[in-house]
Amino acid sequence: MGEPEPTQQSSGSDAICEFIGNLKVENDNLILALHAIENRFGYVPRQSALLLSKRFSVPLARIYEVLTFYHYFRTTPSAEHTLTICLGTSCWLHGSEKILRNSQNLLAELPPEERQRFGLSEVRCVGCCSLAPLVFAGKKVIGRLTPDKMKQIIEGLLSNRGDIS
Amino acid sequence: MSQINVQINGMAVAVSEGTSLLDAARMVQVKIPTLCKHPDLVATGACGLCIVRVRGMAGFPRACTTPVEEGMDIYTHDNELTEVRRTVLELILSTHPNSCLTCGRNGSCELQTLAADFSIRESSFAKYVPEIPRDTSTGSLIFDFEKCIKCGRCVHVCQDLQNVWALSFLNRGIHTRMAPAGDIALAESPCVRCGQCSAHCPTGAIIELDETAEVWRLLREPGNHVVVQIAPSVRVAIGEEFGYEPGTNLTGQLYAALRRLGFHAIFDTNFSADVTIMEEASEFIERFVHNRRELPLITSCCPSWTDYMEKFHPDFIPHFSTAKSPQQMLGVLAKTYYAARRGLDPSTIKVISIMPCTAKKYELTRSHEMYASGYKDVDIALTTRELARMIKQAGIEFHRLPPENADSLLGTYSGAGTMFGTTGGVMEAALRTAQYFLTGEKMPRLVFEEIRGLTGIKEAKIELAGQEIRLAVAHGLGHVAEVLDRVRETKRKGEEPRYHFIEVMACPGGCIGGGGQPYGVTDEIRAKRMQGIFQDDRDKTIRCSHDNPEVIELYETFLEKPLSEKAHQLLHTTYYARPIYQR
Amino acid sequence: MTGELRVALDSGGIAAGAGEILEELRILCAAYPGLKVIAVGTPGMCYADPQVEVVIAGLPQVSFGNLTPEAVHYIFREFLEKKQFPDQEFLNSKAILIGGRIFGQPGAEPPQYILLCNTQIQGSPLPTEMISAFAAITKVAIADNFGFYNQGLAIQLFPSGAVYANLSEDDLLVIAQGLSRGELPSKKFWLAGNGQTRIASRNCGVINPESLSSAVAAGAYEALKKALSQMSPQQVIEEVHQSGLRGRGGAGYPTGKKWHLTALQPSPQRYVICNGDEGDPGAFMDRSLLESDPHRVLEGLILAGYAIGASTGYFYIRAEYPLAIARVRQAVREAREAGILGKNIFGSNFSFDVKIRLGAGAYVCGEETALIASIEGKRGSPVPRPPYPSQRGLHGQPTCINNVETLAFIPAIVLQGGQWYASIGRGTSTGTKVFAVSGHIRRTQLVEVPMGTTVHEVVFNICGGLPPGHNLKAVQTGGPSGGMIPASLLDTPLTYEDILAIGSIIGSGGMVVMDDRVNMAEVMRFFLSFNTDESCGKCAPCRVGGFQLRHLYEELCGGRGEQQTIPQIERIAHAMQAASLCGLGKAAPNPIFSTLRYFREDYLACLK
Ligand SMILES: Cc1cc2nc3c(=O)[nH]c(=O)nc-3n(C[C@H](O)[C@H](O)[C@H](O)COP(=O)(O)O)c2cc1C
Ligand code: SF4
Ligand code: SF4
Ligand code: SF4
Ligand code: SF4
Ligand code: SF4
Ligand code: SF4
Ligand code: SF4
Ligand code: FES
Ligand code: FES
Ligand code: FES
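Residues numbered from 1 in each chain as written. Chains lettered and ligands numbered in written order. Predicted model: local features only at pLDDT ≥ 70, side-chain atom pairs only at ≥ 80, totals over all residues. Heavy atoms only, no water.

### Re the overall build of chain C
- Of the regular secondary structure elements, chain C holds 24 helices and 21 strands.
- Relative to the compact-globule value of 25 Å for 608 residues, chain C shows a C-alpha radius of gyration of 25 Å, a close match.
- Principal axes of the C-alpha set define a box for chain C whose edges measure 75 × 70 × 45 Å.
- A buried classification covers 64% of the 608 residues belonging to chain C.
- Counting every atom, chain C has about 20,000 Å² of accessible surface; 51% of that belongs to carbon and sulfur.
- Between the mean site of the 51 positive side-chain charges and the mean site of the 54 negative ones, chain C shows a separation of 7 Å. (Helix = DSSP H or I, 4+ residues; strand = E, 2+ residues; numbered from the N terminus. Rg over C-alpha atoms; globule rule 2.2 N^0.38 Å. Buried < 20%, exposed > 50% of the residue type's maximum accessible area, 1.4 Å probe, protein only. Areas by Shrake-Rupley, 256 points an atom, 1.4 Å probe, with all protein chains shown as cover. Lys, Arg positive; Asp, Glu negative; His and termini not counted. Charge placed at Lys NZ, Arg CZ, Asp CG, Glu CD.)

Okay, structure coming up:
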C-alpha cells in the first residue's frame, strides 16, 4: 500500500468505496489502512469504517476500539486550519502551555463561524525540541513560538494569507 | 501435566502446571479479592486488586494472571497489600455513582460487597462520574454506563465467548468507556440479547429490563386471566436466590409460589418443549427421509441463536427448523387452544413467561408470527432473577413452600421436555421421538451420553433404524462458526452432509447458563444445574415427548398431527437475513 | 573547488528552514561541478539548525549554523569563493561558526586557518589584541563553540584540525608568538576529543541517509557480510553477549540474553521488531538515528534476525516521525533491490525481509506487549506477562523487540567485537549512550558519550550549561516516568545503577534541563497530564490513579492544596506503582517520589 497523498477532503461514498477497494488486505494492516483513510479524508468517516469492516473482515467494534484509542485518528472531519501545539517537556518548559491557553482564549473570542475554521490540538513532542516551543500549522512546523507569533499566525490564517512564518 | 509445589502463606500446596496463583490459593482456602477476573474468562489483569507478594520477585504480581512456578513462596495478605487494595478500590469507587439503593445489583454486586468487606467509610478522592445516557434500546438489557468499572468482562464475553462483537471499549485513559460497536445504540449493533454480558458483569452496569411492575399491574387489573409458564432451566437455578444448592429441582415450589403470586393458571414451558419436539422431530424425519439436501437440520428454540444466524450466517436459513421456541408455542396455544377449551376470551388472557433469558424478552416481538393467535402470543417475559424478586416482594417464604402441581392442558411434561434447559438436551429429546417416528419402537434409547457435558462442541454418531446419524451440539455462540464452517466445507465439496442434526444454544451450558439466571455462574454451577435437569428427566415416568398425554390430547383435539396446516400456522415461523449493523 | 557541503536535513533542520538553504546552495554551486551539495541527517547540533558543514579541499572543515538564505550567499562568497573567514561582525550577528567536529592530530605544517574560542560558559569575549595577534599570522575567526565547554580558551588549527584547550590569555599569546615563528603549540594543551564517542551516531550528519551507496561507502553492511560468511547465529549472540550491551529503550535488559532466550524457543517462526515508537517527550535519539542513518539500524535488525533465527522483521515507527518513516522505507526499498533483504542474503542461506508498521499517537505502544497488539491491528493495551514476548509475542510466536539505538550498536559490535565494545563505559553499563539534551540548556543537542560520563560533563561541558541568568535546578532523565537529578548530584556517573540509586533512571536517553524558575509541583502536574493522556485505560490503578493524582496536583498548583494533599498523593502514587499492570502506570509515580525527595519545599510552597 502506497503512502496516499493528502488531498482535499471529499468523503462522498464513491470516493470512499474506491479508495478502500484499493487498499491491500493484510492481517496486520488495519492501522495502516486507517492511516490511509485518515490521510485521504482528514478523518475516518463512519461509512469507511463500515466498508473497512467488510473488506478486512474485521468487526466494526474492533475498528472503533482501535480508531478511538489512537489520538492520530479522528471520527469527525478536521477543521480548515489545524493548529497542533507541542506539549512535550521542552516545549512546555518554554511556555507552550501558556501559548495553548492564549490561543484557546483567542479563538474563543472569535465569532462562531470563524472559530469553527480552527482546530486546536496538542501533540506530545515531535522530537524537534531545539525549536521549542513549536506548533504545527497544518503540516508546517513553526518553532520558537511566542504568544505574539501565535496571534499573528491565527490572524494570518483568518485573513487567508498563506504566509504563516 | 506435572505438579508444581508452592507455598501460600506458609502452607504447602501442589498444583498442576499453568494454575494461576489465584486458583492455587483457593486450594488452601485463601480467597484473594478479585473484580475483573471471571472463571469463564482469560485473566486480563484490569483491576489490580489481586496483587500478591512473591518472595524474590520484584513488585507485586497479579494472582489472576501469574502462573505458579516451582518453589514460589507466595503471600496473599498483609498490611501493605490490604492498604494498596483499599486504595485501588477507593479509586474505582471515585468514578462510580453511589446509587446502590436504586441499582439492579443492590445486594448482589461484587463491587458493593468488596466496598463492604474493605470497610470503605468515606470517599477520600474527588468524585468523577461523567454523565453518559443509559442505553435501553433493546428492551431486554439496560446499559447503565456510569456504573461500569471497565473490568472488561462484558467485552470479552461478547467478543470472545460469543463472537458477536457488539461491545468494545472506546477511547483510552480516564475516558475509556464501554459502548456498543462504534458508539451506536445497542439495538442497532450486532447484539443478540443473550445477556451473557449482564451475567458476567460484576456491577449494575448491565442488567435486565425489569418488568415486574407491569406483571403486578396485569395481575391486579380486573378481568385479566393471567397465565404463567416456567422454562425448563428455571426450576434448577432459582433456588440459588433462596440459598439452595445449585441444581436443586424446585418445580413444585415454583408452581406453588406462582399460584400465591396470583396467577390464574400455572403452565410449564416443558409442555410446549414436548410440542416443539413433536414438530422438530417430524421435520427431521421429513428431511432425513425425503430431502437430504436440507440437512443438517438446525435447532431454533434459542432466540439469540436465530438472531445470530440471521445476521451472521444467513446462508443457513434453509437448514433452520421452522418450529417456534417453546415459549412462543405455549403463548399461542394458551390464546387459542386453551382459550377455546376453557371458553375464555383470548383478549383477556395474558401470558407471562419465566425464562432464564434476556433474549426471550426480545423474542416476543421478533416477527409478525409471534402474534399468530391474533394477539401478542406472550405478553411479558421475566427472567429467573425478576421472578425471585417478585417472590420476595410478595413475602413468600419460598423455602417453606409445599410443592404443588401445574394446571392442566398446558402443564404436563415429559423428561424430554425438561431436557431443553441444557446443552445437548434438545437433541437428546428430539432423538427419542425421532427414533419412535422412524421405527415405531416403544422403548427407544433414551440417553446420549456423548452429547452431554460442557465441552464447547460435542459430536456423535448414532445408529437409527440402521442408518448413521451424525450429530453436533454447540453452545456459546463462539463455537458456532467452527461447526458451520465444517458444514460449508462438505457442501462446497459436494460431499454427504457432515452432520444431519445440529443443536445450538447461545449461552455456555445452554439455558441453565442463561443471561437471566442467578448471578455468579461458573462451570461448576452450570454442571450442577445440568445434573438437576438430568435428575428431573430420570425422575419422570414419562420421558418422551410423544408419550406426554396432554401433548397427545393437543394433537388429537386441536392440531391433528405434527406439521399439519394448523400446526404450521401457529407453531412455525420464518427467518430472514438481517443486516449486522442497523446503522 | 572540490568537496561537499552537508546540509542537515533531518526534521529539525527542515522545520528550521534547511530546505531553503539546500536549494540556495544548489543554485550557488551549479557553477562548480566538483562541488556537491548533499542532504545529510543530524550532526547532533540541533541548536544550530539550519546548518551546513563545509568539507572542501583546502578549506577548514567547519560548520555554519543559524543560517538564512542571505547568510548563505555571504558565506559562499567569502568563505568558499574568496577562501577567507566571513567577517567577524557577520559571525556575531547573522550566523554562527562552529569549530570542526573532527579533532585532528597535532600536525607538522603551519596552520592556514585558525579558530579561536572562549569555552568558558561565563567567559567574556576574547580581547581584540588577541585576535590581531593571530590575524598577523594567518586567517583567523572566533568560533561560537568547539563542541565542548569549560576548558578555558581554545584554538583549532587547520588543515590539521588539532585543538588546544585549557589555555589562559597568556598561553594564547605565547602560542601566537610561537606560531609566528613556525612553532606549533605545546602538546600539553592538545585535546584529542570533545568528550563524545560516536558509535551509533557515527555517520549521522556525514552520509546521505537516502542513499544506500553513501551508507555502504561509510561501511554499512560490512558487519552483515562478516556475520553471514564467518559467524554462526550463536556466535553473533555470543559477541553481543560479551559486549555487555543493555537495551537502550529504557529497561536496560541485556541484549545478548534477550536474543538468547528468544532463539531458545522451539518454533519455526520467530520475529524481530525494531521499536521506533520513541514517545518520551524531550527524546529524539531514535528519530535522529532513523532519519540520519537508517541503514545502520536496518543492518542491526537483520543481524538480530540472523542471530535469533527470524525471517521477518518489523519496524514500528511512530506516526509523528514522517521523515523517519520515509527514510526507513527508502532504505528498505534500496536494500531489497540490492539483495541485502530478501532470499539468500549475500549468497548465504539466510533469508530475511522487513515490514514497516506505523504508530498512531499512543505513547504506551512503546511497551512491548502493546506494540505487538498495535502491529496486530488492535488497541495498544499491554497484556500481563508471562508469557513474555520472547515466549509468545507477535502472532503468538517468539518475538524479540529491540530499541532503535540498541540495534544501531550491533553492526559495530559484530565488526569490532564484543570485547572492544565492553572496554568502553563503566561497570555493567558498557559502551556509549546517546542522549538528547533539551530544556533550559544553551545547546539543545544530541550527544553520544561513554556510559559513566557524569551528568555534569554532559550538561555543562558538552552542552554549555544553561543560558545566562539562571541556575540549574534539576536534570530530568527517563522521561515523565523517570526522575529528577538535583544540582547537588550532577557528578553522578550516567550508569544504570548509579542513576537508579539516586531515584531516577537512564531511560531512553532524554535529558531535560530545568532552571531555578521551575516549581517541581508544576512539573509533576505537567507530567501527570502526560501520563493520564497516555494511559491506555485498561487497569484501574493507572487509569483512575493517574487521573486523581493529576487532580490533586491541579489543586496543589492552583493554591488549593491542603495538609492532607501530600499524604494523599503519596498514597495513590504507592498504590499505582504497586498495582498497575504495565510499565507506564508502574513508573508514572517515579518522579513524584523523586521530586518529594529532593524538592519537598516546592510542594510546601504551594499549600495554602
Ligand atoms: C510505557 C512504555 C513506553 C515505552 N516506549 C518505548 C519507546 O518508545 N521506544 C523503545 O525503544 N522502548 C520503549 N519502551 C521500552 C520497551 O518496552 C522495551 O523495553 C524496549 O523496546 C526493548 O528494547 P531494548 O531491550 O533494546 O531496550 C517503553 C516501555 C514502556 C513501559
Ligand atoms: S453497581 Fe454495585 S456499587 Fe454500584 S450502585 Fe449498583 S450496587 Fe452499588
Ligand atoms: S446501606 Fe447505608 S446508605 Fe444504604 S440504605 Fe442502608 S443505611 Fe442507607
Ligand atoms: S447481550 Fe450478548 S450479544 Fe448483546 S452485548 Fe451482551 S453479550 Fe453481546
Ligand atoms: S459493563 Fe460491567 S462487565 Fe462490562 S466492563 Fe463495565 S463493569 Fe465490566
Ligand atoms: S430450551 Fe431454552 S429457549 Fe428453549 S424453552 Fe427452554 S429455556 Fe427457552
Ligand atoms: S441459550 Fe437459552 S438462555 Fe441463552 S439465549 Fe438461548 S434461550 Fe436464552
Ligand atoms: S498501567 Fe496504564 S498503560 Fe499500563 S495497562 Fe494499566 S492503564 Fe494501561
Ligand atoms: S518537546 Fe516539543 S518537540 Fe520535543
Ligand atoms: S482480578 Fe486480577 S487484576 Fe483484577
Ligand atoms: S540537528 Fe537538526 S534537529 Fe538535531
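Once you've had a look at it, read on.
### Overview of the site of ligand 4
- Neighbouring residues of ligand 4: Leu141(B), Cys158(B), Val164(B), Ala166(B), Leu167(B), Cys191(B), Val192(B), Arg193(B), Cys194(B), Gly195(B) and Cys197(B).
- Per-class residue counts for the shell around ligand 4 are 9 nonpolar, 1 polar and 1 charged. (Near = heavy atom within 4 Å. Nonpolar A, V, L, I, M, F, W, Y, C, P; charged D, E, K, R; others polar.)

### Here we look at helix α3 (residues 110-117) of chain B
Residues and elements named next belong to chain B.
- Restricting attention to buried positions, one finds in α3 the residues Leu111, Leu114 and Ala115. Down the axis of α3, the sector holding all buried residues measures 100°, keeping them to one side. Away from its buried face by more than 90 degrees, α3 exposes Ala116 and Asp117.
- Taken from the residues just after α3, Ser119 is the one with a positive phi, measuring 50°. (Arc of directions from axis to C-beta.)

### Things to note about the environment of Pro266(C)
Residue and element names in this part refer to chain C.
- Locating Pro266 in the fold gives a position in the loop between α10 (255-264) and β11 (271-276).
- The exposed category is assigned to Pro266, whose relative accessible area is 76%.
- Here the alpha-carbon distance between Pro266 and Gly17, two residues 249 residues apart in the chain, equals 52 Å.

### Observations concerning the interface of chain A and chain C
- Contact with chain A, which involves 38 residues of that partner, is made by 56 residues of chain C.
- Overall, the association of chain A and chain C removes approximately 3,600 Å² of surface from exposure, summing both partners, and the carbon and sulfur fraction of that is 56%.
- Across the contact surface, chain A and chain C share 2 salt bridges.
- Close ionic contact of Asp533(C) with Arg124(A) constitutes a salt bridge, the shortest N to O distance being 2.9 Å.
- For the pair chain A and chain C, the number of links is 17 residue pairs in polar contact (both at pLDDT 80 or more).
- Counting residues per element, the ones that place at least two in the side of chain A that touches chain C are α2 (30-41), α4 (60-67), α5 (89-93) and β2 (118-123) of chain A. (Contact = heavy atoms within 4.5 Å. Buried area = accessible area lost by both parts, 1.4 Å probe. Salt bridge = Lys/Arg side-chain N within 4 Å of Asp/Glu carboxyl O. Polar contact = N/O pair within 3.5 Å; in protein donor to acceptor, adjacent residues only side chain to side chain.)

### Remarks on the interface of chain B and chain C
- Of the residues lining the interface, 35 residues belong to chain B; the matching set on chain C comes to 30 residues.
- Interface of chain B and chain C: buried area, both sides summed, is about 2,600 Å²; carbon and sulfur atoms make up 58% of it.
- The largest share of the area that chain B buries against chain C comes from Leu91(B), Arg172(B) and Ile174(B), three residues that together contribute 23% of it.
- Arg571(C) is the salt-bridge partner of Glu83(B), the closest N and O atoms lying 3.3 Å from each other.
- At the boundary of chain B with chain C, the tally comes to 18 residue pairs in polar contact (both at pLDDT 80 or more).
- No other element matches the 10 residues that helix α2 (residues 79-94) of chain B contributes to the side of chain B that touches chain C.
- For the side of chain B that touches chain C, the residue count by class is 17 nonpolar, 11 polar and 7 charged.

### A short note on the pattern of salt bridges
- The final tally for this structure, using the stated rule, is 82 salt bridges over all chains.
- Between Arg259(B) and Glu404(B) there is a salt bridge whose closest N-O contact spans 2.7 Å. One end of the pair, Arg259(B), is in helix α7 (residues 251-261); the other, Glu404(B), is in the loop between α12 (384-393) and α13 (415-418), with 145 residues separating them in the sequence.
- Judged by relative accessible area, Arg259(B) falls into the partly exposed class, the value being 29%.
- What makes Glu404(B) partly exposed here is its relative accessible area of 26%.
- The salt bridge involving Arg296(C) is made with Asp293(C); its shortest N-O contact spans 3.0 Å.
- Judged by relative accessible area, which is 9%, Arg296(C) ranks as buried.

### With respect to the site of ligand 5
- Taken together, 13 residues are adjacent to ligand 5, and Cys148(B), Cys151(B), Gly152(B), Cys154(B) and Cys201(B) come closest.
- Partitioned by chemical class, the residues of the shell around ligand 5 number 9 nonpolar, 2 polar and 2 charged.

### Re unusual backbone geometry
- For the bond from Asp49(C) to Pro50(C), the omega torsion is -10°, close enough to zero to count as cis.
- Inspection of the secondary structure puts Pro50(C) in the loop between β2 (35-40) and β3 (52-56).
- Note that the residue after Phe158(C), namely Pro159(C), is joined by a cis bond; omega there is 15°.
- Not every positive phi belongs to a glycine, and Trp165(B) is a case in point at roughly 60°.
- As for its position among the elements, Trp165(B) is in the loop between α4 (153-161) and β6 (167-170).
- Of note, the phi angle at Asp183(B) is positive, near 65°, even though the residue is not glycine.
- Look at Asp183(B) and you get partly exposed, because its relative accessible area is 39%.

### A closer look at empty space enclosed by the protein
All names here are of chain B.
- Applying the stated criterion across every chain, the model contains 15 cavities of 30 Å³ or more.
- Taken as a whole, the largest cavity spans an internal volume of roughly 100 Å³.
- What lines the largest cavity is a set of 14 residues, and nearest its centre among them are Pro232, Pro326, Lys360, Phe420 and Cys511.
- The residue makeup of the lining of the largest cavity, split by class, is 9 nonpolar, 4 polar and 1 charged. (1 Å grid on protein atoms, 1.4 Å probe; cavity = no way out; pocket = protein on both sides within 12 Å on 5 of 7 lines; lining within 4 Å. Points joined across faces, edges and corners; volume = space filled by probe spheres on them.)

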